[in-house]
Amino acid sequence: AAGVIQSPRHLIKEKRETATLKCYPIPRHDTVYWYQQGPGQDPQFLISFYEKMQSDKGSIPDRFSAQQFSDYHSELNMSSLELGDSALYFCASSLGVTRVTETQYFGPGTRLLVL
Amino acid sequence: GNSVTQMEGPVTLSEEAFLTINCTYTATGYPSLFWYVQYPGEGLQLLLKATKADDKGSNKGFEATYRKETTSFHLEKGSVQVSDSAVYFCALSVPHTGRRALTFGSGTRLQVQP
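Thresholds applied
Residues numbered from 1 in each chain as written. Chains lettered and ligands numbered in written order. Predicted model: local features only at pLDDT ≥ 70, side-chain atom pairs only at ≥ 80, totals over all residues. Heavy atoms only, no water. Helix = DSSP H or I, 4+ residues; strand = E, 2+ residues; numbered from the N terminus. Rg over C-alpha atoms; globule rule 2.2 N^0.38 Å. Buried < 20%, exposed > 50% of the residue type's maximum accessible area, 1.4 Å probe, protein only. Contact = heavy atoms within 4.5 Å. Areas by Shrake-Rupley, 256 points an atom, 1.4 Å probe, with all protein chains shown as cover. Lys, Arg positive; Asp, Glu negative; His and termini not counted. Charge placed at Lys NZ, Arg CZ, Asp CG, Glu CD. Pairing = 2+ DSSP bridges. Axes fitted to C-alpha atoms, helices over the stretch in contact; angles between N-to-C directions. Polar contact = N/O pair within 3.5 Å; in protein donor to acceptor, adjacent residues only side chain to side chain. Buried area = accessible area lost by both parts, 1.4 Å probe. Salt bridge = Lys/Arg side-chain N within 4 Å of Asp/Glu carboxyl O.

A.B. asks: Looking at this model, I keep getting lost on the overall build of chain B. Mind explaining?
C.D. replies: Tallying secondary structure elements over chain B gives zero helices and twelve strands in all. For chain B, the α and β elements follow one another from N to C terminus as β-β-β-β-β-β-β-β-β-β-β-β. In terms of C-alpha radius of gyration, chain B reaches 14 Å, essentially the compact-globule figure of 13 Å for 114 residues. The dimensions of chain B, computed from C-alpha atoms along their principal axes, are 45 × 30 × 20 Å. Expressed as a percentage of the 114 residues in chain B, the buried residues total 45%. Within chain B, contacts between residues separated by at least 24 positions form 58% of all contacts whose residues are at least 6 apart in sequence. Carbon and sulfur atoms make up 46% of the accessible area of chain B, which totals about 5,300 Å². Counting 10 positive and 10 negative side-chain charges, chain B places the averaged centre of each group 10 Å from the other.

A.B. asks: Looking at this structure, I do not really get the sheet that holds strand S8 (residues 62-65) of chain B. What am I missing?
C.D. replies: Through backbone hydrogen bonds, the strands of a sheet pair up, either in parallel or in antiparallel fashion. Residues and elements named next belong to chain B. Spatial strand order, S3-S9-S8-S7: four strands in an open sheet with antiparallel pairing. At either margin of the open sheet sits one strand with a lone partner, and together these are strand S3 (19-21) and strand S7 (56-59). Sheet twist, expressed as the average angle between the axes of neighbouring strands with direction ignored, equals 15°. Across four bridges, the pairing between S7 and S8 is antiparallel. Bridge pairing in S8 links asparagine 59 to phenylalanine 62.

A.B. asks: Help me out: how do you make sense of the pairing of strand S8 (residues 74-78) of chain A in this one?
C.D. replies: Successive residues of a regular strand alternate their side chains across the two faces of the sheet. Residue and element names in this part refer to chain A. Where burial is concerned, most of S8 is hidden: four out of the five residues are buried. Across five bridges, the pairing between strand S3 (residues 19-24) and S8 is antiparallel. Bridge assignment links leucine 21 to a residue of S8, and that residue is leucine 76. Pairing of strand S7 (residues 64-68) with S8 involves five bridges; the strand directions are antiparallel. Within S8, the position partnered with glutamine 68 by the bridge is serine 74. Linking two consecutive strands that pair antiparallel, namely S7 and S8, is a turn of five residues; a positive phi of about 75° is found at tyrosine 72 within it.

A.B. asks: Sorry if this is basic, but what is going on with the sheet that holds S7 of chain A here?
C.D. replies: Residues and elements named next belong to chain A. The four strands lie next to each other as S1-S3-S8-S7, forming an open sheet whose pairing is antiparallel. Sheet topology places strand S1 (5-7) and S7 at the edges, where each strand pairs with a single neighbour. The mean inter-strand angle of the sheet, taken between neighbouring strand axes irrespective of direction, is 15°.

A.B. asks: Looking at this model, I keep getting lost on the environment of aspartate 71 of chain A. Mind explaining?
C.D. replies: Residue and element names in this part refer to chain A. Examined against the element boundaries, aspartate 71 turns out to sit in the loop between S7 and S8. By relative accessible area, aspartate 71 is classed as partly exposed at 49%. Spatially, the C-alpha atoms of aspartate 71 and aspartate 56 are 20 Å apart, while their sequence positions differ by 15 residues. A polar contact is formed between the side chain of aspartate 71 and the side chain of histidine 73, at a distance of 2.7 Å.

A.B. asks: Got a minute to help me understand the interface of chain A and chain B in this structure?
C.D. replies: Where interface size is quoted, it is often the accessible area lost as the parts come together. The interface of chain A with chain B comprises 23 residues on the first partner and 19 residues on the second. With both sides pooled, the region where chain A packs onto chain B buries about 1,600 Å², and carbon together with sulfur makes up 51% of that total. The interface formed by chain A and chain B includes zero salt bridges. Linking chain A with chain B are five residue pairs in polar contact (both at pLDDT 80 or more). Mapped by element, the contributors of at least two residues to the side of chain A that touches chain B are strand S4 (31-37), strand S6 (53-57), strand S9 (87-94) and strand S10 (105-106) of chain A. Looking at the side of chain A that touches chain B element by element, the count peaks at three residues for S4 of chain A.

This is the structure:
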């Protein structure tokens, strides 16, 4: 079965640079979530989209922005990168945010290292 | 707010031992509960879930029962294998309140020795 695809898998950037992470959800899934997992930490919710509209917002820094496109893929744009942004960034997708129950399926993550 | 508390790891067991990883939660409303597993260098995989009280989720020999009275969702497996070595995350979401994003516990690392 098709899974969530994330690209790139690894990314190395310098401080103050920008980065763009991409997420391709499971086909027919209409909702995308972004999470950040620091070293040895649990994943923290950043932001989510349903049908190309922002549906919820977590602890996403103002330096970050994201959007969901007409083909349902999503991009997380990160500017003015800081050392503390080094983390594993996960995308998860789900079907039917309007349903009472919902299961999120995670991609393999993008490992970002800021030097 | 919503929160999940897991037992601290690492948990070290011998192969074929019984496993319990405790998870308790605090939530506004009626949460859905999940266990995710993360193998070294990989993403999060859904292990099992339960969406209402007394539901039992099960998969690959793992089980967890949604206990509303004790606000718990403990993960159990009767006989662990070396291949079960991973980090296990308990998580919840509360869809009907609009907060569908997952709230995770801190994770419990399981090490199974041959």
